[in-house]
Amino acid sequence: MTDLKTTTDVLAELVACPTVSSDSNLHMLGLIANRLHAVGARVELYHDAGGTKANLVGTLGPDRPGGIMLSGHSDVVPVEDQPWSSDPFTLREEGGRFYGRGTCDMKGFIACSIAMAEHYATLDLKRPVHFAFTHDEEIGCLGAQALAPILAARSDTPALAVIGEPTSMRIIEGHKGCCEYQVTFTGREGHGSEPDKGVNAVEFATRYITRLLDLRAELQTRAPATSRFDPPWTTVNIGRLTGGHVPNVIPGHAEVDWEMRPVRDEDRVFVKEAIESYTQDVLLPAMRRVWPAAGIETTVLGEVAGLEPMEENAARDLVAELTGANGTDLVSFGTEAGLFQQIGMSAVVCGPGSIEQAHKPDEYVTGDQLEMCLAMLRRLGTRLAR
Ligand SMILES: [Zn+2]
């Protein structure tokens, strides 16, 4: 029987690996791989281009598609400038709470699933169970973006994904996406008295923003009738605008940072196509009529897919059965779930710990929450062995 002690032993090992997104996660994945190998799992590591980060996929049970994937990110946010009461990378227990960086977001869930692997290995699993642990979730879901196509190409592509982000074990079946862009406008400097000779980068940035605001208004009319999000439509925010120096000089440079939070992928495509055609067909020709070297360059800072609430969602139904929950929620924070949904998996977010504690000093997860997660995972084993 897998008990809380085994789980917190694993958690202590994981917390001791300072897997801040800027650093390597290979040591932690090595510890996990050893534990999974020890119970007979098949383990694959998929390295990133730099070779210092990896995604890990471990599998128990039959070698075929249709299994369930327990997924979590291995990285944590930094601890600098946070007033911790004790070493953030040493697990500390006090009053039923386990303190340490990542305990709630989301090494607690990873520890529960690794501890449970030992139990799964004793069962006659009819469907495979996969353990998928990614890198760089906190800086734009980079690991999951690399892992999704790998999973899709594997011969044993899982059908269901449970992403154990801290939801206090509530079932989350949807969240908006988050897409961030930086747009640089290069015009031509000139004297304010001769506007025809320069290309005013700030003015073109303003026209770009105005188009975005028109699209934002249009998005409100596109809200799906059944949307449970608050607000129910895709939002757009202009986060930063810079450019220019003094009143009598035509500015040659401007920058706009903006984000959108799509309620469905269609909206993301709609906004991107609309702003791109306005840029290519209207703004750039106007700029280049005066100065052929003028330009508008867009950098994608991050595009994290949303988790679209679906009428049919086998992962949600399974977790509801395992936890006995009688309702589901939507949340405002993003996860890797949408990326897995995009390759055809059904996905749900449910894990121990509260998002309130995530990223904070003295981050913790309670023993009660870990017990609830273990109970869910134990029932999952019974279900998969049936
Ligand atoms: Zn997280």
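Values in this document were obtained by computation on a predicted structure and should not be read as measured data.

What counts and how
Residues numbered from 1 in each chain as written. Predicted model: local features only at pLDDT ≥ 70, side-chain atom pairs only at ≥ 80, totals over all residues. Heavy atoms only, no water. Core = buried A, V, L, I, M, F, W, Y, C linked by side-chain atoms within 4.5 Å. Buried < 20%, exposed > 50% of the residue type's maximum accessible area, 1.4 Å probe, protein only. Helix = DSSP H or I, 4+ residues; strand = E, 2+ residues; numbered from the N terminus. Contact = heavy atoms within 4.5 Å. Polar contact = N/O pair within 3.5 Å; in protein donor to acceptor, adjacent residues only side chain to side chain. Donors = N, O, S within 2.8 Å, 3.2 Å for Na, K, Ca; no water. Tetrahedral: all angles 85-135°; square planar, octahedral: opposite > 155°, others 65-115°. Axes fitted to C-alpha atoms, helices over the stretch in contact; angles between N-to-C directions. Parallel < 35°, antiparallel > 145°, perpendicular 65-115°, else oblique. Left-handed = near helix turned anticlockwise from the far one by under 90°. Nonpolar A, V, L, I, M, F, W, Y, C, P; charged D, E, K, R; others polar.

Some thoughts on the nonpolar core
With 51 residues, the main nonpolar core has I32 and Y120 as its most contacted residues. Tallying contributions element by element places helix α3 (residues 103-120) first for this core, with 10 residues. Residues in contact with Y120, not counting those within four places in the same chain, are L60, L70, L125, V129, F131, L377, L380 and G381.

A few points about the side chain of D136
Note that D136 resides in the loop between β6 (129-134) and α4 (142-153). Not counting residues within four places of it along the chain, the set of residues in contact with D136 comprises S21, K53, D75, C141, L142 and G143.

As for the side chain of D267
Mapped onto the elements, D267 comes out in helix α6 (residues 265-290). Look at D267 and you get buried, because its relative accessible area is 0%. Looking at D267, its side chain comes within polar contact range of the side chain of R222, at 3.0 Å. Among all residues touching D267, those that are not within four sequence positions of it are L219, R222, T234 and P262.

With respect to the coordination of the zinc ion
In this structure, H73 (NE2), D105 (OD), E165 (OE) and E165 (OE) serve as the protein donors to the zinc ion, at separations of 1.9 to 2.6 Å. Its four donor atoms give the zinc ion angles of 53 to 137° at the centre, a pattern that matches the irregular case. Mapped onto the sequence, the donors of the zinc ion take the spacing H-x31-D-x59-E. Of the two residues, D105 is situated in helix α3 and E165 in the loop between β7 (160-163) and β8 (172-175); the sequence distance between them amounts to 60 residues. Take E165: its relative accessible area is 3%, and that puts it in the buried class.

With respect to unusual backbone geometry
The step from D105 to M106 runs through a cis peptide bond, and the omega angle for that step is -10°. By the element assignment, M106 lies in helix α3. D230 connects to P231 through a cis peptide bond whose omega is -10°. Tracing the sequence through the fold places P231 in the loop between α5 (201-221) and β11 (235-243). The backbone phi angle of C141 is positive, close to 55°, even though this residue is not glycine. With respect to the element layout, C141 can be found in the loop between β6 and α4.

Comments concerning the packing of helix α7 (residues 314-323) against helix α9 (residues 367-384)
Packed helices, taken two at a time, are described by the angle their axes make and the gap between the axes. Running from N to C, α7 and α9 point in directions that differ by 110°, and their axes come no closer than 9 Å. Comparing their axes, α9 and α7 come out roughly perpendicular. Classified by chirality, the crossing of α9 by α7 is right-handed. Taken together, the residues of α9 that come into contact with α7 (itself represented by L318, V319, E321, L322 and T323) are M376, R379, L380 and R383. In terms of residue class, the contact of α7 with α9 is made up of five nonpolar, one polar and three charged.

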